[in-house]
Amino acid sequence: MAFRLRLQNITFSYGGANILEDVTLQVQPGERIGLMGRNGAGKSTLMKLIHGDLQPDGGEIDRAPGMRIARLAQEVPDGADHTVFDEVAGGLGEQGTIVARIHALTGHSPTEMSAADQKELHKLQHALDTESGWKLQQQIESVIERMSLDPAARFESLSSGMKRRVLLARALVCDPEILLLDEPTNHLDIEAIDWLEEFLLRSGLTLIFITHDRMFLQRLANRIVEVDRARLFDWTCTYDMFLIRKAAALENEAQQEALFDQKLAEEEVWIRTGVKARRTRNEGRVRALERMREERMARRSGTGNVKLMTQDAERSGNLVIDARDISHDFGGQPILSHVSATLFRGDKVGIMGPNGTGKTTLLRILLGELKPQSGTVRIGTNLQVAYFDQLRAQLDEEKSAIENVADGNDTVLINGQSRHVLGYLRDFLFSGERARSLVRYLSGGERNRLLLARMFARPANLLVLDEPTNDLDAETLELLEELLVEFKGTLLIVSHDRTFLNNVVTSTLVFEGDGIVKEYAGGYDDWVRARPVKPSSAQIEKDRTAVALANSAKATVAADQPRKLTFKEQKELEKLPQLIEKLEAAQAELHQRMSEPSFYQQPATEITKVSQQLQSIEEQLQSGYTRWEELEP
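Residues numbered from 1 in each chain as written. Predicted model: local features only at pLDDT ≥ 70, side-chain atom pairs only at ≥ 80, totals over all residues. Heavy atoms only, no water.

Asks: Describe in detail the overall build of the protein, supporting the description with residues and values.
Replies: Helix and strand counts for the protein stand at 22 helices and 20 strands. Relative to its full complement of 633 residues, the protein shows a buried share of 44%. For the protein, contacts bridging at least 24 residues in sequence account for 68% of all contacts bridging at least 6. Accessible area of the protein: about 33200 Å², with a carbon and sulfur share of 50%. (Helix = DSSP H or I, 4+ residues; strand = E, 2+ residues; numbered from the N terminus. Buried < 20%, exposed > 50% of the residue type's maximum accessible area, 1.4 Å probe, protein only. Contact = heavy atoms within 4.5 Å. Areas by Shrake-Rupley, 256 points an atom, 1.4 Å probe, with all protein chains shown as cover.)

See below:
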C-alpha cells in the first residue's frame, strides 16, 4: 500500500475566526515533523484533523486507504479499574477489547471458572476466529514487552510517567504508519524522556509531534512545520536551523510591513489633499489605495509576548537556607538520606531526579513546611517566598482568573504602582473575556501563565518553581529564562526541562537513588559530563549489537579476497568525482538562496519545492560518497 497523507487547502474554525485557513501539508515516510506555534495557534487542532477526530470546514484530507494513524493525546487519564494489558489492547478497537476479555478469563484454570464465565468465553472465542485472536494477542504481548511494561499492573496505580508509556504502547499496538504525539514529555522525568527519545529514534516511525521541550525537538525533528496566524510555514529543516531562519524571516517581515505602512500613510495623505489634487487624482491610484487598505485590514498580527516582571523585595540575608544531615522516609522507604545543602543569596539551584523520588518533599523541608525526621534546617532572615506549584493547587477552579490574581480586588500593586488587574493580566496574554473566565475553563498553558501572574504579583526574594515549563510555548519559556537569569534573589527550581536547566541554574541537586542527593556545579549538561556513567539496558543491548556487527564485518573482510573492478565499475568510479563536485556546487547554491531573508517571503509551495530539491541533492551526495568508498581500491 502506498504511503499517502496530504492536506489540501484546509480551513477550520470553532465558529469564530479561522484557526486554520487554506493550509496545505504533505507528509513523507520517515519524517519526524516538529509542529511549532504559540499556545492556541491551532497545533492540536491540526493533529485532530489529521487523525480524523475533527472534519475540516473546507479543503480535503487525502489519506491512503486503510492508513493507520495513532494519536497520543496530551492529557493523561486517571484510568478506570483495568490492567495494562486491557489498556494496550484497547488500541485495537473492539477486537482488542474482546482479546483483553478472553485474556482475563483464561487467566484462571477451567475448574476455577464459573459456568457463566465459561459460557462468555465460548461466545467471545466464536466472535474471533482462532488464528486472528492468536495473532492479536501476540501483537499486544509483543508491544508490552517492547515497552518493558507489566501486563498485570493496574493502570490507575501507575505514575504519570508510566501511564504515558502505557498510552504510547496503546498507540503503537496497531502498528501505525504515522504517530501523532501531543506534548509527549509532559509529566516525564529526565530518565523517561531519554528513553522515549532513544525509542522513537530507533523505531523509524513517521512522527508528527508537539512539544515545548527544545532539546527533544533538537534530537528528533528532521522537519519543522509552524502554525502561525492560521497559516502553515514549512521550514523543512532541523530545529537549530529553524531558529536561525525564523529570526531572519521575522526581521525581514517587520521591514516589509514597515515599508508598506509608510507607503499607505503617504497615500492616505495624498487622497486627503486639497480640492485641486482631488480633481486631478489618478483613479488607478485610488483603486490601488483601496486594495492597500484591504490588505492592511486583513493582516493578522502575531500573538504578543508575555510581559514578565518580578516584584522588588527587600534583600534577604546572605544565608538563605542551611540544611544539615537531613533524613526522611515514608513507610520505611528512604526519601532523603543524610542530605546537606546550603543556599546563599543569589544562588540559582536546580533539583533533578526521577518522578516519585522526593523532590517536592525536599522543597517542603527546605522551606520549613515539613520537619525532617532527623537533621536540621536553618532558614535565613527577611525571606519573602513566592511559590509556583506544578499541580496548580494555588488556583481556585471555581473562581475567575481575575479573582485568583487580585483576591477580589480591582487592582494589584506592582513595584509600588497600582494597576488595574485586567491591564496586568493583558501582560500575560489574557483578553478581557479569558480573564473573566473560570479557571476550570482555561487551557494548561493559560493556567500556567495565570500562576506566573499570581506569583509575580507578590514581592519575593526567593522564588520556588516546581515544574514551571509544562504547557508554556517556546517564546514564553525564553522570556521566563531571561527574567530568572536577571533575578537578583535566590531560585529553587524543580524541572525536567533540560534546556531550561542549562540556561538558568548555576548548580543542581540530583537524586541518585536510596535517598542520596548529590550537588553538581552547572546545569543539566554539566551533570551529564560529571555523573558516574551507568549504562542503560538499551545501551547495553546497543553495545552488544555493535560488537556482533563488528565481529561479523571482521569475519567478512577476512573471508573476502580483494576483487578487480569490472570495466563498467571502473568507468563509474572515474565519473564520480565530477558528479559529486557538481552536486556540492548545487547544494552550496541552494544553501545561499535559503540563507537570504527574502527567500521566506515566497509562497509556501515555492519554499517547499526548493527544500525538496535540497533534500534530493543531499541524498544523491550521500549515495555518491558511499559508492565512491565501495569502488575506491
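Now, onward.
Asks: Describe in detail helix α16 (residues 444-456), supporting the description with residues and values.
Replies: Relative to the 18 Å expected for 13 residues at 1.5 Å per residue, α16 spans 18 Å between its end C-alpha atoms, a close match to the ideal helical length. Of all 13 residues that make up α16, 11 are buried, and the element is covered over most of its length. For α16, every residue scored as buried is listed here: Gly445, Glu446, Arg447, Asn448, Arg449, Leu450, Leu451, Leu452, Ala453, Met455 and Phe456. (Expected span 1.5 Å × (residues − 1).)

Asks: Account for the environment of Gly522, with residues named and values stated.
Replies: Of note, Gly522 is situated in the loop between β20 (517-521) and α19 (524-530). Given the relative accessible area of 15%, Gly522 is considered buried. Put simply, Gly522 and Thr508 are 14 residues apart on the chain and 6.6 Å apart in space, counted from C-alpha to C-alpha. Setting aside residues no more than four positions away along its own chain, Gly522 makes contact with Val505, Thr506, Ser507 and Thr508.

Asks: Outline helix α7 (residues 190-203), listing residues and values.
Replies: For α7, built from 14 residues, the straight-helix expectation of 20 Å at 1.5 Å per residue is met to within 8% by its first-to-last C-alpha distance of 20 Å. Once α7 finishes, Gly204 follows within two positions and takes phi at roughly 75°, a positive value.

Asks: Let's hear about the nonpolar core: which residues, and what values?
Replies: When a protein is soluble and globular, its nonpolar side chains tend to lie buried together. Ranked by size, the top nonpolar core spans 54 residues in total, and within it Val88, Ile140, Leu168, Leu179 and Leu200 carry the most contacts. With six residues, the top contributor of residues to this core is helix α6 (residues 160-172). Counting residues in each nonpolar core, the second largest holds 47 residues, with Ala386, Tyr424, Phe428 and Tyr524 among its members. (Core = buried A, V, L, I, M, F, W, Y, C linked by side-chain atoms within 4.5 Å.)

Asks: Just give me the short version of the packing of aromatic side chains, but keep the residues and values in it.
Replies: Scanning all chains against the criterion turns up six aromatic pairs. With centroids separated by 5.8 Å and ring planes inclined at 50°, the aromatic side chains of Tyr524 and Trp527 adopt a geometry described as tilted. Taken together, the residues span about one helical turn, with Tyr524 and Trp527 both in helix α19 at a distance of three residues. Neither residue differs from the other here; Tyr524 and Trp527 are each classed as buried. Feature note: the residues Trp235, Tyr239 and Phe242 constitute an aromatic cluster, connected by ring pairs. Its end group placed over the ring of Phe430, Arg449 keeps NZ or CZ at 5.3 Å from the ring centre. Here the basic side chain of Arg531 rests over the ring of Trp527, its NZ or CZ set 4.5 Å away from the ring centre. (Phe/Tyr/Trp six-rings, centres within 6.5 Å; stacked < 30°, edge-to-face > 60°. Lys NZ or Arg CZ within 6 Å of the ring centre and 35° of its normal.)

Asks: Now, about the pairing of strand β6 (residues 178-182): what can you tell me, with residues and values included?
Replies: Burial within β6 is extensive, with five of its five residues counted as buried. Both faces of β6 are covered, namely the face carrying Ile178, Leu180 and Asp182 and the face carrying Leu179 and Leu181. As paired strands, strand β5 (residues 69-72) and β6 are joined by four bridges and run parallel to one another. In the sheet register, Ala70 faces β6, and the bridge partner there is Leu179. Two elements, β6 and strand β7 (residues 206-210), share five bridges in a ladder whose sense is parallel. Residue pairing in the sheet places Leu179 in a bridge with Leu207 of β7. Handedness of the crossover is the feature at issue here: the chain leaves β6, passes through α7, returns alongside β7, and the resulting connection is right-handed. (Pairing = 2+ DSSP bridges. Right-handed = clockwise from strand over helix to strand, strands pointing away.)

Asks: Go over the sheet that holds strand β13 (residues 374-379), please, and point to the residues and values.
Replies: Read across the sheet, three strands follow the order β11-β10-β13 without closing on themselves; strand pairing throughout is antiparallel. Because the sheet does not close on itself, it has two edges, and the strands there are β11 (333-344) and β13. The sheet shows a mean angle of 15° between the axes of neighbouring strands, taken without regard to direction. In this structure, strand β10 (residues 319-330) lies alongside β13, joined through five bridges in antiparallel fashion. The residue of β13 that forms the bridge with Ser327 is Ser374. Where helix α12 (residues 359-366) meets the sheet, its contacts fall on β10, β11 and β13, and the angle it forms with β10 comes to roughly 130°. (Axes fitted to C-alpha atoms, helices over the stretch in contact; angles between N-to-C directions.)

Asks: Could you give me a rundown of the side chain of Asn461, with the residues and numbers involved?
Replies: By secondary structure assignment, the location of Asn461 is in the loop between α16 and β17 (462-466). Given the relative accessible area of 5%, Asn461 is considered buried. A polar contact of 3.0 Å, which involves the side chain of Asn461, links it to the backbone oxygen of Asn382. Residue contacts for Asn461: discarding those within four places in its chain leaves Ala313, Glu314, Arg315, Ser316, Asn382, Leu383, Gln384, Phe487, Gly489 and Thr490. (Polar contact = N/O pair within 3.5 Å; in protein donor to acceptor, adjacent residues only side chain to side chain.)

Asks: Go over the sheet that holds β6 with me, naming the residues and quoting the values.
Replies: On the basis of which strands lie adjacent, the open sheet formed by six strands has the order β5-β6-β7-β3-β8-β9 and mixed pairing. Edge positions in the sheet fall to β5 and β9 (231-234), since each has one partner strand and no second. If you compare each strand with its neighbour and ignore which way they point, the axes differ by 20° on average. Lying over the sheet, α6 contacts β5 and β6, oriented at roughly 155° with respect to β6.

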